[in-house]
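Overview (structure and organization)
In case you want the letters, here they are:
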Amino acid sequence: MSKNSGFVFRRPDLASSIADGLVGAGIQDFTSGLFLAAPRRTGKSTFLREDLVPECQARGWLAVYVDLWADKEKDPADLISSAIAGALVPFEKGIRKLAKNIGIEKLSFLRTLSWDFTKPQLPAGATLTQALELLHSAAEKTVVLVIDEAQHALTTEAGVNAMFALKAARDQLNQGREGEGSGLRLVFTGSNRDKLAHLVLGKSQPFFGSSITPFPLLGKAFTQAYTVYLNGLLAKTNQFNAADIDEAFELVGRRPEMLRTIIGEVALELGEASNLGQLLHSRAELLRAGVWTEFESAWNALTIPQRAVLEVMVERSQNNEPFAPFTDSTITAVSKALEDMGSDVVPGTQTIQACIEALRDKELVWKSSRGGYALEDKSFGDWLQHRRRTAA
């Protein structure tokens, strides 16, 4: 799942388990959709591309992958429709016949076939449901749509509408096919659990009632395999210890990219075998300290009321609770946080609104197009929790 100069780590068992769940054949049932959350740079996207998509293909399914962060200048809805349009291209020759067979010949874009297949976009007037129905019929196999960083869809109205369209397509294509392993299966992933939760929280959200599944972070199997790989490049008298590699990995939040950075730095000043562990530990702590220093600077630049609002947001995040800024409970919680900070400010809705806008300007708080709020980077909450513990 992580690659570096020839090193590849696969997670076939996890991919197989998820694929089983997508068709209701596993311990967990993901037939209505899988919502997978994990912090950024923990190997989630690599797993999707190199393990889950190939597993789906090996089962004879058609997997369509789209990363909503691939081009932040484009509306997420356009990225989704482009990915589906691209998946339709190989079936160009049979689309005219298919259009008649599945009863949507009245659509002008199919009747006249005014569809430029050289461009990765659906014709004007085509809906996602129609396109996915056409794709499913053309492919004659289960379609698995994998949307990475799905929470980004919530930042635009068109993106939100695309999510509702995917739900409609799922319901239509899966009707009467629940036990056959056919139809449409949806996989949504996000690097921020709180943001991803906005797809499933509240009756007005497209996938209300679904739950968020934590993505299993890379464990000791990864660090042991990586240690074996690294030691194969080193002298027999100068070898890394798997336990030291794993400790460094833990310090940087089990992020493969950061671990590779540490290994690269240690390699430049490779010492004797006896102090390799200490070098790894020191480098990992320095890397984490650098990230935390940025959080400290951001915190120090905030006003007391802004800190109080952020404190409450972090607390709600840690408890996996949504942050509703203008409820009585939130105002009470912000009041208590201000009191604990020695402030005599009495917060009202205007104060909290102003704080939220300031926190958004500082890129500490994220807002969906429909007014939901979450921490921009959930690891900021981890730092703040650590800060509280050390200050206690």
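Everything in this summary refers to the structure shown in the same document. (Residues numbered from 1 in each chain as written. Predicted model: local features only at pLDDT ≥ 70, side-chain atom pairs only at ≥ 80, totals over all residues. Heavy atoms only, no water.)

Moving on, we come to the pattern of salt bridges. Applying the stated criterion across every chain, the model contains 18 salt bridges. Where E157 meets R370, a salt bridge forms, and the shortest distance between an N and an O atom there is 3.0 Å. You can see E157 sitting in helix 7 (residues 157-174) and its partner R370 sitting in the loop between strand 8 (365-367) and strand 9 (373-375), a full 213 residues away along the chain. For R316, the salt bridge goes to E321, with nearest N and O atoms at 3.9 Å. A residue is classified by how much of its surface remains accessible, and E321, at 39% relative accessible area, is partly exposed. Taken together, the salt bridges that share partners define one network made up of D20, E55 and R59. (Salt bridge = Lys/Arg side-chain N within 4 Å of Asp/Glu carboxyl O. Helix = DSSP H or I, 4+ residues; strand = E, 2+ residues; numbered from the N terminus. Buried < 20%, exposed > 50% of the residue type's maximum accessible area, 1.4 Å probe, protein only.)

Attention shifts here to the packing of aromatic side chains. In total, this model carries 15 aromatic pairs according to the counting rule given. Considering the side-chain rings of F9 and F222, the 5.5 Å spacing of their centres and the 85 degrees angle between planes classify their relative orientation as edge-to-face. Separated by 213 residues along the polypeptide, F9 in the loop between strand 2 (7-8) and helix 1 (12-22) and F222 in helix 9 (residues 220-231) bring together distant segments of the chain. Centre to centre, the rings of F222 and F249 are 5.1 Å apart; their planes meet at 35 degrees, and the pair counts as tilted. You can see F222 sitting in helix 9 and its partner F249 sitting in helix 10 (residues 242-251), a full 27 residues away along the chain. Since its relative accessible area comes to 2%, F222 is described here as buried. (Phe/Tyr/Trp six-rings, centres within 6.5 Å; stacked < 30°, edge-to-face > 60°.)

With that out of the way, let us pick up unusual backbone geometry. Unusually for a residue other than glycine, E149 sits at a positive phi of about 55 degrees. Mapped onto the elements of the fold, E149 is located in the loop between strand 5 (143-148) and helix 7. Within the chain, E363 stands out as a residue other than glycine whose phi angle is a positive 60 degrees. Position of E363 relative to the elements: it lies in the loop between helix 15 (349-361) and strand 8. Residue classification places E363 among the exposed positions, given a relative accessible area of 62%.

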